[in-house]
Amino acid sequence: MTSSSKRLLAILSAFTIAALYGRGISTAMRHSLMSGANDFAALYNGAQQAASGGLYDFAPQYEAQQMQFGYFMPAVVFTRLPFYAVLLKPLTWLDYVSAWRLFLLLNILCTVWFFGKWLWNDALALLLGASFLPIYAALANGQDVWLVASLFALAMLLERRGRDFSAGAVLSLCAIKPHLFVLVPLVVAVQRRWRFFAGAAAGGTLLMLVSFLAEGTGWVVEYIHTLGDPRIHPNLGVMPTLRNLVAMAGGPPWLYWALCVLTAIAVAVVAFRSPRLETGLAAALAGGLAANYHTYLPDTVLLLPAFALLRAVRLSGWPLWPWVLLLSPMGWLLYLAGPPGRALFILAVLCALAGLMFIPTGATGSEKPAGGGTV
């Protein structure tokens, strides 16, 4: 079989897999897809309360959900920075269902753009991406992780073109979900990418200015209080995180924080040893997911742009295989299998990160074009 035939077969297979997943998800979640009774409610309700001085007041959000769905979801409240509520404000010019459909369409377009730009020419990555359940879970659950994944991918394209300041400014918008990118500044600092850092700092300063202009000065204390509310962190047992791993093993709370420190050290080592920013940032995404206090299945979508970065710098050999496992159906089947399988999934994330520390320093010096290569 020729390489063009293999590529065509991979593309047809990917479309078939996507169609089957899409049909299955739409059938299983028909009610929430039609009504928008999912995490989008938090974003819409937050946008309604933008610039009100009461952005983190749960009561109006619960009342709005009660009116919209006939019930409210205790964990589905606005927990983001104020600038994001301001950016989402135009959605409130539409009725809820219309806004939900527009938001879903935007996320689908982001997904299609990412696949076309980063995975289209890489048969392995394309097939793994098409069969990666979190992609569909994120869309169906009203999550916005595809917005931040696409912003991250756009920042990486700008960085490849030597536009570090612009790349950093775009990356600052990933503060939409800041906890998922907590280790990214560490990589940028270790690799001394100061123009990139300056762009991110400039963008972050502007976003914080918008936040203070919208909500005044009192929002910081309210935001910290909101993050500590146990209602927004339900179901620890389904989180693919070190915190859950420690809980399953019956370890003390301090062990989780110790593992977080070790994870940050591992990311720093990868960034220090690698001549390429891509490798360090892939490590930061994987490490950030594992070390996070609040991560769910849709958030693991970020493993896909991390993998795309690694494919672009020709990751190969045994460090490649933990990533393949995580993105394959076997990975999410482990996740869905309950505590034993979920523990193995978390360990696979750690192995994927650890493997990057053993790549020979010259192994990632040659770069592929955007979109990767073929298998």
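Everything numeric in this text was worked out from a predicted model, so none of it was measured.

Let us look at unusual backbone geometry. One non-glycine residue, Arg 192, adopts positive backbone phi at about 55°. With respect to the helices, strands and loops of the structure, Arg 192 is situated in the loop between α11 (184–190) and α12 (194–215). Despite not being glycine, Asn 235 has its phi angle at roughly 60°, a positive value. Inspection of the secondary structure assignment puts Asn 235 in the loop between α13 (219–227) and α14 (242–249). By relative accessible area, Asn 235 is classed as exposed at 53%.

Here we come to the nonpolar core. Ranked by size, the top nonpolar core spans 121 residues in total, and within it Trp 146 and Trp 323 carry the most contacts. Top element by residues in this core is helix α9 (residues 145–160). It accounts for twelve residues. The contacts of Trp 146, once residues within four sequence positions are left out, are Asn 107, Cys 110, Thr 111, Phe 114, Phe 115, Ile 135, Ala 138, Leu 139, Val 301 and Leu 304.

In the structure shown here, the tally under the stated rule is 25 aromatic pairs. Geometrically, the ring pair formed by Phe 40 and Tyr 96 is tilted, given 5.4 Å between the ring centres and 45° between the ring planes. Highlighted residues: Phe 40 in helix α3 (residues 40–48) and Tyr 96 in helix α6 (residues 96–119), separated in sequence by 56 residues. On the accessibility criterion, Phe 40 (0% relative accessible area) is buried. We classify Tyr 96 as buried; its relative accessible area is 7%. Ring centres of Trp 318 and Phe 358 lie 6.1 Å apart, and the angle between their planes is 45°; on these two criteria the pair is classed as tilted. Residue Trp 318 is found in the loop between α17 (303–312) and α18 (321–327), and its partner Phe 358 is found in the segment after α20 (339–356); the two are separated by 40 residues along the sequence. Here Phe 358 falls in the exposed class, since its relative accessible area comes to 56%. Connected via pairs of aromatic rings, a cluster forms that spans Phe 40, Tyr 44, Phe 69, Tyr 71, Tyr 96, Trp 100 and Phe 103. We note Arg 243 situated over the ring of Tyr 293; from NZ or CZ to the ring centre the distance is 3.7 Å. The side chain of Arg 342 reaches across the aromatic face of Tyr 335, ending 4.8 Å from its centre.

On to the side chain of Ser 172. Along the chain, Ser 172 turns up in helix α10 (residues 164–172). Excluding residues within four positions of it along the chain, Ser 172 makes contact with Ala 200, Gly 203, Gly 204 and Leu 207.

What follows concerns the side chain of Gln 191. Mapped onto the elements, Gln 191 comes out in the loop between α11 and α12. Using a relative accessible area of 15% as the deciding quantity, one classes Gln 191 as buried. Polar side-chain contacts of Gln 191 include one of 3.2 Å to the backbone oxygen of Arg 276. With sequence-adjacent residues up to four places away left out, Gln 191 is seen in contact with Ala 271, Ser 274, Arg 276 and Leu 277.

Criteria and thresholds
- Residues numbered from 1 in each chain as written.
- Predicted model: local features only at pLDDT ≥ 70, side-chain atom pairs only at ≥ 80, totals over all residues.
- Heavy atoms only, no water.
- Helix = DSSP H or I, 4+ residues; strand = E, 2+ residues; numbered from the N terminus.
- Buried < 20%, exposed > 50% of the residue type's maximum accessible area, 1.4 Å probe, protein only.
- Core = buried A, V, L, I, M, F, W, Y, C linked by side-chain atoms within 4.5 Å.
- Contact = heavy atoms within 4.5 Å.
- Phe/Tyr/Trp six-rings, centres within 6.5 Å; stacked < 30°, edge-to-face > 60°.
- Lys NZ or Arg CZ within 6 Å of the ring centre and 35° of its normal.
- Polar contact = N/O pair within 3.5 Å; in protein donor to acceptor, adjacent residues only side chain to side chain.

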